Amino acid sequence: MLHERGRRRLRTIQTIAVAGGLLGSVLVWNSPAQAVAPKGVNGLIACGGILPTEGGRLRGLCDEPRRQQSAQCHRREPITDYNPLWTPDGKQILYESERPEQLVDDTFELYLMNPDGSGKTLLVANGRPEDIPKGYHPDGSQLAFSSNRDGNSEIYKMNADGTGQIRLTNNPANDNFPRWSPDGTKIIFVSNRSGNNEIWSMDPFGNNLVNLTNNPASDSTPEWLSDGTKIAFTRNVAGSGNEIFTMNADGSNQVNLTQRPGYDAFPTWSPDGTTIIYSRFVEGDTNFSVSGGNYEVFAMNADGSNPRRLTNAFDFDGRCDWQRICTVSGSGDIVGTPGDDVICGSPGNDRIAGLGGNDIILGFGGDDMLAGGDGNDMLFGGTGNDSLLGGAGTDFLSSGPGDDRMSADVGERLDVGAGSDLCAVGGRAVTCPARLS
């Protein structure tokens, strides 16, 4: 029965891909992101760390399963690797590397590797100093990063293969640490343009800037909750030190979760939204570094309760990123379940159908046909000529680069990428909205 429903759904989107224009009335282009349940199964945590060696210390990358005490570290040679970032499909880790054989000193190269440390592939060679990747677009087609290539730190974006680099901010202040929203329509970042470090948001073209924190304290390292409704960040609290805060996506309801003297920073949400991991300075620890102390990875519940230590290693552990595992993945014809799924396609041409629940459907390249079922779904075509059908529920459709066709019900949202796109609402063709991402 389930497979027959899936086949019927796949035949439906194939028909829509040919038909072109379809559904009718008022479409909301720029409404706030709808609240949907956080998505994804919690996978591995990738962190940066400094490891002891015979000659001293070196910085490397580690993976650790949730709640595991000892990290499995991939590096043993004198190379600086850090700032890990999982790809949206959870299959690879992007990271920075500074290596002795580089032709240009004091620069970082970007590499991809598999979760076990194998398959290291150079993505961008001899990047400029401080080209720091910080966030993938949810469909995996683009990266946001900060760079001081123009004299001060600014926000840029580029295609996932390193091409098409575009500067988004242009301000004498320093802008850094960009993170794309889960629906791809906003980028949050840190800027001192107002006199101290604040967390700002903008659209993916550098417009519509909003100061979210607006506080005399210094705020940094923002991270989105996977449903886009909250942001975790670090704040330097006078007389206390660095604390972990959360706030709503519009900057309201700022709450201190750690409330302790000392150093707590670099928060990262679990994919299911129940847990926050962060770095904590461990007072009195015997593992001291030249910087004066030992920093370990801790976890706490999303409300700040039940803090617990995850690592017990040398020097600094932190700047982590948490892998989201796809609940359904494959290539060709792919059918979800009646529940809440993260459905991931392949780089090729896929036909993907969600059968119910609040799903995230990711095409990941190729000429894909995506259809949501009943429920509040988010569909991301990615690079390629895609056809997207929302179906029942309050859906969000993001076409990505390519010549795409999108069909939505009343009240749903479309995010049109680069290309010649065709949009339909309520049974008839309409003019596609301006690009949101």
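Novice: It is not clear to me how the sheet that holds strand β28 (residues 351-353) should be interpreted in this structure. Could you clarify?
Specialist: Taken in spatial order, the seven strands make up an open sheet running β26-β28-β30-β32-β34-β36-β37, and their pairing is mixed. Each edge of the sheet is formed by a strand with only one pairing partner; in this case those strands are β26 (333-335) and β37 (428-430). Here the average twist between neighbouring strands, direction ignored, is 15°. Two strands pair when backbone bridges link them, and strand β34 (residues 405-408) and strand β36 (residues 422-425) are joined in this way by four bridges, in the parallel orientation. Counted as the bridge partner of Ala408 is Val425 from β36.

Novice: Please clarify how the environment of Glu98 should be interpreted in this entry.
Specialist: Among the secondary structure elements, Glu98 is positioned in strand β5 (residues 93-98). Exposure remark for Glu98: the relative accessible area of 25% places this residue in the partly exposed category. Put simply, Glu98 and Glu109 are eleven residues apart on the chain and 6.4 Å apart in space, counted from C-alpha to C-alpha.

Novice: Sorry, what's going on with the packing of aromatic side chains here?
Specialist: One pair of aromatic rings is described through two measures. These are the centre distance and the angle between the planes. All told, the structure shown has seven aromatic pairs when counted by the stated rule. Judged by centre distance (5.4 Å) and plane angle (20°), the ring pair of Phe145 and Tyr156 falls under stacked. Taken together, the residues Phe145 in strand β9 (residues 142-147) and Tyr156 in strand β10 (residues 154-159) connect sequence positions eleven residues apart. For the pair shown, Phe145 and Tyr156 are each scored as buried. Each member of the aromatic cluster is reached from another via a ring pair, and the members are Tyr263, Phe281 and Tyr295. Looking at Arg193, its charged tip hangs above the ring of Trp200, at a distance of 5.5 Å from the centre. Positioned above the aromatic ring of Phe298, the side-chain terminus of Arg280 is 4.8 Å from the ring centre.

Novice: Looking at this structure, I do not really get the pattern of salt bridges. What am I missing?
Specialist: Oppositely charged side chains can pair when the atoms bearing their charge come close. Tallying each qualifying case throughout the model produces eleven salt bridges. The shortest N-O distance in the salt bridge between Arg167 and Asp150 comes to 3.0 Å. Remark: Asp150 occurs in the loop between β9 and β10 and Arg167 occurs in strand β11 (residues 166-167); sequence separation between them is 17 residues. Asp333 is the partner of Arg351 in a salt bridge, and the nearest nitrogen-oxygen pair spans 2.9 Å. On the criterion of sequence distance, the pair formed by Arg351 in strand β28 and Asp333 in strand β26 is long-range, its members being 18 residues apart. Counted as one network, the salt bridges with shared partners bring together Asp150, Glu154 and Arg167.

Novice: Would you explain the sheet that holds β5 in this entry?
Specialist: Sheet strands pair by backbone hydrogen bonding; their relative direction is either parallel or antiparallel. Across the sheet, which stays open at both edges, the four strands sit in the order β4-β5-β6-β7 with antiparallel pairing between neighbours. Pairing within the sheet leaves two strands with one partner each, and these edge strands are β4 (80-86) and β7 (121-124). Pairwise comparison of adjacent strand axes, ignoring direction, gives a mean angle of 35° for this sheet. Sheet topology note: the β5/strand β6 (residues 109-113) ladder contains five bridges and is antiparallel. By the bridge assignment, Leu94 is partnered in β6 with Leu112.

Novice: What is the right way to read the pairing of strand β20 (residues 262-269) from this model?
Specialist: The side chains of a regular strand alternate between both faces of the sheet. With six of eight residues buried, β20 is to be regarded as a mostly interior element. In terms of strand pairing, strand β18 (residues 241-248) meets β20 through two bridges, oriented parallel. Considered in β20, the bridge of Asn242 is made with Tyr263. In this sheet, strand β21 (residues 275-282) lies alongside β20 in antiparallel orientation, the contact comprising four bridges. In the strand pairing of β21, Thr268 is matched with Ile277. In sequence, β20 turns back onto β21 through a hairpin of five residues, with Gly273 there showing a positive phi of about 80°.

Novice: Before we go on, may I ask you to explain the environment of Gly363 in this structure?
Specialist: Positionally, Gly363 belongs in the loop between β29 (360-362) and β30 (369-371). The buried category is assigned to Gly363, whose relative accessible area is 0%. It is 8.4 Å that separates the C-alpha atoms of Gly363 and Asn349, two residues lying 14 residues apart in sequence. Ignoring anything within four residues of it in the chain, the contact list for Gly363 reads Gly345, Ser346, Asp350, Asp368, Leu370, Phe380 and Gly381.

Novice: Quick question: what am I supposed to make of the pairing of strand β22 (residues 294-301) here?
Specialist: With seven of its eight residues buried, β22 lies for the most part within the structure. Here β21 pairs with β22 via eight bridges, running antiparallel. Each residue of the ladder has a partner; that of Thr275, found in β22, is Asn301. With two bridges joining them, β22 and strand β23 (residues 308-309) adopt antiparallel strand pairing. Counterpart to Phe298 in the pairing with β23 is Arg309.

Novice: Sorry if this is basic, but what is going on with the confidence of the model for the protein chain here?
Specialist: Close inspection of predicted coordinates is inappropriate in any region flagged by low pLDDT. Mean pLDDT for the protein chain: 82, with 78% of residues reaching 70 or above. Predicted confidence for residues 13-35 stays below pLDDT 50, and this span has 75 contacts to residues more than four positions away or in other chains. Residue range residues 54-59 is modelled with pLDDT below 50. Its contacts to residues more than four positions away, or to other chains, number 21 contacts.

Novice: I keep staring at the state of the cysteines and nothing clicks. Help me out?
Specialist: Between two cysteines, a covalent bond joining their sulfur atoms is known as a disulfide. As enumerated under the stated definition, the model contains three disulfides in all. A disulfide bridge connects Cys47 with Cys320, and the sulfur atoms are separated by 2.1 Å. Judged by the torsion about the S-S bond (105°), the Cys47/Cys320 disulfide is right-handed. Residue Cys47 is located in strand β1 (residues 41-53), and its partner Cys320 is located in strand β24 (residues 317-325); the two are separated by 273 residues in the primary sequence. This pair shows no difference in class: Cys47 is buried, exactly as Cys320 is. Between the sulfur atoms of Cys326 and its disulfide partner Cys344 the distance amounts to 2.0 Å. Across the S-S bond linking Cys326 and Cys344, the dihedral sits near -70°, which makes this disulfide left-handed. Of this pair, Cys326 sits in the loop between β24 and β25 (328-329) while Cys344 sits in strand β27 (residues 342-344), and the two are 18 residues apart along the sequence.

Scoring rules and cut-offs
Residues numbered from 1 in each chain as written. Predicted model: local features only at pLDDT ≥ 70, side-chain atom pairs only at ≥ 80, totals over all residues. Heavy atoms only, no water. Pairing = 2+ DSSP bridges. Helix = DSSP H or I, 4+ residues; strand = E, 2+ residues; numbered from the N terminus. Axes fitted to C-alpha atoms, helices over the stretch in contact; angles between N-to-C directions. Buried < 20%, exposed > 50% of the residue type's maximum accessible area, 1.4 Å probe, protein only. Phe/Tyr/Trp six-rings, centres within 6.5 Å; stacked < 30°, edge-to-face > 60°. Lys NZ or Arg CZ within 6 Å of the ring centre and 35° of its normal. Salt bridge = Lys/Arg side-chain N within 4 Å of Asp/Glu carboxyl O. Contact = heavy atoms within 4.5 Å. pLDDT = per-residue confidence, 0-100. Disulfide = S-S within 2.5 Å.

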